[in-house]
Amino acid sequence: MRISTLRYFYEVAQIKSISKVAAIFHISQPALSNQLFKLESEFGEKLFERSNRGVELTEKGEILYEYAKEIIMQYDNLLQDMKSESPDQRKIKISISNIYANYVVNKVSNSIIKIFSETDVYINNDYIANENAMLLNNRAELAVGCSCICDPDLISDYVGTDRMILVSRKNIDKTKIENMPIALLNDRVETAGKVNAKVKYENIVLRTDSLEILKGYIYSNECIGILPRMAISDDLESKSLVNLDASEYEWDYNLYVTYRKDMDSKMKNSISQFRDSLEEALNESSIKSIV
């Protein structure tokens, strides 16, 4: 199996269109289709369901997709390491290990380069990786996630707490919420576990790991959605979205930055500044959403 074929598979799974991916990689559609068929033959499993509307992953395709994310990320990291001008070149790989953490990091994206000004910064979203293993095996220097990691060789610093809230584009009578169509973040663990006992499965109309897709759907339809308050503070302040104050559909989640204890003092100081910037962004978003 070639890494290029795996990358084609991954992009098709993401975009759900063979023709669009062929255009991106400047190859013919038949050639790309042939690569995907070879991959299916290699595994002896059907990976896609094909139709006039595009392609969808099969159950086996979903399994390969999860592994493909990890393999491609590690391969890209290998290329970056091999191309480094010097083995002593300072760099930091930041792993965002939870979809909720991704939003707070986005809030401070302009500050990251300033904080790590003398360091090459690589940021990866990896929602399925084991944070302990990544940090201890030097696959990342810093992890931003929602878990406090207890390990004698690691430090987990608490950043702050945010809240998942139920929203819509307008106020809704609370007696009607139970039967409303609902859109959810597809974080694979947290949201599903929290809402399964409260939400009727047949009412779920959309699951996505894209905040913009989720917000766009809520803007355009008579439905409700569960979103991180921090990620939509501007929407709440402008009244584009309304917090329905339905506590039974809400829960808090914590944010942590985790890194190795043996990092040098200069890098630890930069990480401390990074943590402080995340905390400031989180607090600012909380104030906005209340006003």
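Residues numbered from 1 in each chain as written. Predicted model: local features only at pLDDT ≥ 70, side-chain atom pairs only at ≥ 80, totals over all residues. Heavy atoms only, no water.

Between two packed helices, both the angle of their axes relative to each other and the distance between the axes serve to describe the pair. One can describe the packing of helix H1 (residues 3–15) onto helix H2 (residues 18–25) by two numbers: an axis separation of 9 Å at closest approach and a directional angle of 130°. Comparing their axes, H2 and H1 come out oblique. You can see that H1 and H2 cross each other, and the crossing is right-handed. Here Arg-7, Tyr-8, Glu-11, Val-12 and Ile-15 of H1 lie close against H2, whose contacting residues are Ile-18, Lys-20, Val-21, Ile-24 and Phe-25. Taken together, the residues of the contact of H1 with H2 break down into 7 nonpolar, no polar and 3 charged. (Axes fitted to C-alpha atoms, helices over the stretch in contact; angles between N-to-C directions. Helix = DSSP H or I, 4+ residues; strand = E, 2+ residues; numbered from the N terminus. Parallel < 35°, antiparallel > 145°, perpendicular 65-115°, else oblique. Left-handed = near helix turned anticlockwise from the far one by under 90°. Contact = heavy atoms within 4.5 Å. Nonpolar A, V, L, I, M, F, W, Y, C, P; charged D, E, K, R; others polar.)

Attention now moves to the UniProt feature "domain: HTH lysR-type" (unreviewed entry) in the protein. If you check UniProt for "domain: HTH lysR-type" (unreviewed entry), the listed places come out as residues 1–58 in our numbering. The distance separating the terminal C-alpha atoms of residues 1–58 is 19 Å; by composition the span is 62% helix and 14% strand. (UniProt positions renumbered as here; feature names shortened; annotations may be inferred.)

Let us now look at helix H3 (residues 29–43). With 15 residues, H3 should cover 21 Å at 1.5 Å per step; its first-to-last C-alpha distance of 22 Å lies within 8% of that length. If you check which residues of H3 are buried, you get Leu-32, Ser-33, Gln-35, Leu-36, Leu-39 and Glu-40. Looking straight down H3, one finds that the buried residues subtend no more than 155° of arc, so they occupy a single side. Those residues of H3 that are exposed and aimed more than 90 degrees away from the buried face are Pro-30, Lys-38 and Ser-41. You can read the cap of H3 off the contacts: a side-chain oxygen lies 3.2 Å from the backbone nitrogen of Ala-31, and it is on Ser-28. Gly-44 lies just past H3 and shows a positive phi near 65°. (Expected span 1.5 Å × (residues − 1). Buried < 20%, exposed > 50% of the residue type's maximum accessible area, 1.4 Å probe, protein only. Arc of directions from axis to C-beta. Polar contact = N/O pair within 3.5 Å; in protein donor to acceptor, adjacent residues only side chain to side chain.)

What follows concerns the side chain of Thr-258. On the secondary structure map, Thr-258 appears in strand S11 (residues 251–260). A distance of 2.5 Å separates the side chain of Thr-258 from the side chain of Ser-156, its partner in a polar contact. With near-sequence residues (within four places) excluded, Thr-258 lies in contact with Leu-135, Glu-141, Leu-142, Ala-143, Ser-147, Ile-149, Leu-154, Ile-155 and Ser-156.

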